[in-house]
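Single-letter residue listing:
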Amino acid sequence: MVHAVFYKKMPNLSSLRNMSGKYWILLAKFMKLHHNILAFWIFLFITLAIFQSNAIAQNIPDKKIPDTYCLNEDELQLFNLLNRERQQKGLPKLELSKSLSYVAYLHVRDLYINRPDTVKGCNMHSWSSKGQWTPFCYPRDQTKRRSIWDKPKEITLYPGSAFEVVYYSEDKTGPVEIIELWKGVTPSAALIFNTGKYMKNHWKSAGVSIYKGYASLWLGESKDPETKIRLCSSDSVINSVVSKPSSKSNITREDISQASLGQYYLIFGSYPNFQLAPQAQIDLINDGFKNAFIFEKEGKFRTALDKYETMEAARAAKKHLPNKYKNAWILKE
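Residues numbered from 1 in each chain as written. Predicted model: local features only at pLDDT ≥ 70, side-chain atom pairs only at ≥ 80, totals over all residues. Heavy atoms only, no water.

Undergrad: Got a minute to help me understand the nonpolar core in this structure?
TA: Judged by nonpolar contacts, the single largest core of 46 residues is most densely connected at L82, W127, W182, L217, W218 and L219. Mapped by element, the contributors of at least two residues to this core are α5 (73-88), α6 (98-114), β2 (162-168), α8 (175-184), α9 (186-193), β3 (205-211) and β4 (214-220). With sequence-adjacent residues up to four places away left out, W182 is seen in contact with L78, V165, V166, Y167, S188, A189, I192, A215, S216 and L217. One finds Y264, L266, I285 and F289 within the second-largest nonpolar core, a separate group that totals 13 residues. (Core = buried A, V, L, I, M, F, W, Y, C linked by side-chain atoms within 4.5 Å. Buried < 20%, exposed > 50% of the residue type's maximum accessible area, 1.4 Å probe, protein only. Helix = DSSP H or I, 4+ residues; strand = E, 2+ residues; numbered from the N terminus. Contact = heavy atoms within 4.5 Å.)

Next up, the structure:
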């Protein structure tokens, strides 16, 4: 039976001459030494196996994230709102994951274009067969050995499993609406705030994407080896830290920090409109001021390096600023 299969696929002399040079030379030497048809079949079997394994290797999806991928303004705002909600509950900040965001980016587009969730037995965690990934119908295909939560490991270099929250709405598609819905639904709130069955999980990374009414959030316990993510609206790069959105789109006053009484702010920038402030904040974050934020007072948007409980603490921090930030000033509220 094996011989019959190989006989059907056996190349003629002309096709053999077109094989890779080194294999043809080896084949000729091998046959010259052994002078028997069995040797020919053994060598040909090994040769075809090598070619086939190379072909399979070439079909393995490339886990490198395309250079064209970037995070848009609404997605950056959604990530920032997620961290704000977690901090209000005493939970640690999450790092912005390029890998998890890219998985979310692919998934929301797959949901919109290919609709894998419309197949019987499949919900919005499902993936279609029309992409560089393994199709998966969730929960139908979920087993102990094969899990939908391994998609980040399959598609990217992310080293661990991650869990997803999905959103869809025909009209309420802004970051604020999305986060409010997730907060109000018990399963998604449990995942985001580590309650219920997720109480023992310790999220370190998060990735988000929004597209055509769909939103996807992935949360993982591993750090992402991909540490830089580009913003679509500029050439700025975020180094896996929290950052504010760079547009006024879908922003309400609640999305911007308000000056609080009894606080002392170390200010390094004041702007008449919001559009000018986010890029300054991103520059501060990338320059090492991880707590930099924007707040509004009397119609002006200020970028603060940090805030302090006392004037003494603010003055001490100012004394230790690098020379390029010596013009920072203290604002008392």
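Undergrad: Where do I start with the pairing of strand β10 (residues 300-308) in this structure?
TA: If a strand is regular, its side chains alternate between the two faces of the sheet. Examined bridge by bridge, strand β8 (residues 264-271) and β10 share six bridges and lie antiparallel to one another. From the neighbouring strand, S270 faces β10, where its bridge partner is R302. Two strands pair when backbone bridges link them, and strand β9 (residues 293-297) and β10 are joined in this way by five bridges, in the antiparallel orientation. Bridging from a neighbouring strand, F295 pairs with R302 of β10. (Pairing = 2+ DSSP bridges.)

Undergrad: Explanation requested: the layout of surface pockets in the structure shown.
TA: Vacant regions in the atomic arrangement are exposed by a probe of water-molecule size rolled over the atoms. Approximately 340 Å³ is the volume attributed to the second largest pocket. Where the lining of the second largest pocket is concerned, the elements lending two or more residues are β2 and α9. Counting residues per element, the lining of the second largest pocket draws most heavily on β2, at four residues. In terms of residue class, the lining of the second largest pocket is made up of nine nonpolar, three polar and two charged. (1 Å grid on protein atoms, 1.4 Å probe; cavity = no way out; pocket = protein on both sides within 12 Å on 5 of 7 lines; lining within 4 Å. Points joined across faces, edges and corners; volume = space filled by probe spheres on them. Nonpolar A, V, L, I, M, F, W, Y, C, P; charged D, E, K, R; others polar.)

Undergrad: Any chance you could explain the pattern of salt bridges here in plain terms?
TA: As a working rule, side chains carrying opposite charge can pair if their charged atoms are close by. Per the counting criterion, the structure on display carries 11 salt bridges. Among the salt bridges present, the one from E85 reaches R84, with a minimum N-O distance of 3.8 Å. The salt bridge involving D150 is made with K153; its shortest N-O contact spans 3.7 Å. Given a relative accessible area of 33%, K153 falls into the partly exposed group. Residues joined in a network through salt bridges with shared partners are R84, E85, E180 and K183. (Salt bridge = Lys/Arg side-chain N within 4 Å of Asp/Glu carboxyl O.)

Undergrad: Which parts of the structure should I look at to understand the packing of aromatic side chains?
TA: Where two aromatic rings form a pair, the distance of their centres and the angle of their planes describe that pair. Per the counting criterion, the structure on display carries 16 aromatic pairs. Among the aromatic residues, those joined into a cluster by ring pairs are Y138, W149, F163, Y198, W203 and W218. In this structure, K89 is placed above the aromatic ring of F193, and the distance from its NZ or CZ to the ring centre is 5.0 Å. The positively charged end of R109 is found above the aromatic ring belonging to Y211, 4.2 Å away from the centroid. (Phe/Tyr/Trp six-rings, centres within 6.5 Å; stacked < 30°, edge-to-face > 60°. Lys NZ or Arg CZ within 6 Å of the ring centre and 35° of its normal.)

Undergrad: How should the state of the cysteines be read in this particular structure?
TA: Two cysteines joined by a covalent bond between their sulfur atoms form a disulfide. All told, the structure shown has two disulfides when counted by the stated rule. The side chain of C70 participates in a disulfide bridge whose partner is C232; the two sulfur atoms lie 2.1 Å from each other. Sign of the S-S torsion, about 100° for the bond between C70 and C232, identifies this disulfide as right-handed. In this pair, C70 sits in the loop between α4 (37-59) and α5 while C232 sits in the loop between β5 (229-230) and β6 (237-238), placing the two residues 162 residues apart along the sequence. Owing to a relative accessible area of 15%, C70 belongs among the buried residues under this scheme. In this model, C122 is linked to C137 through a disulfide, with the two sulfur atoms separated by 2.0 Å. Note on the C122 and C137 pair: the S-S dihedral is about -115°, so by sign convention the disulfide is left-handed. Residue C122 is found in the loop between α6 and α7 (151-155), and its partner C137 is found in the loop between α6 and α7; the two are separated by 15 residues along the sequence. There is no split in this pair, since C122 and C137 are both buried. Here the disulfide map of the protein chain reads 1-4, 2-3, the bonded cysteines being numbered as they appear in the sequence. (Disulfide = S-S within 2.5 Å.)

Undergrad: What exactly am I supposed to notice about the side chain of S128 here?
TA: By the secondary structure assignment, S128 is in the loop between α6 and α7. The class for S128 is buried, based on a relative accessible area of 8%. Beyond its immediate chain neighbours, meaning those up to four positions away, S128 contacts D110, N114, P116, W133 and P135.

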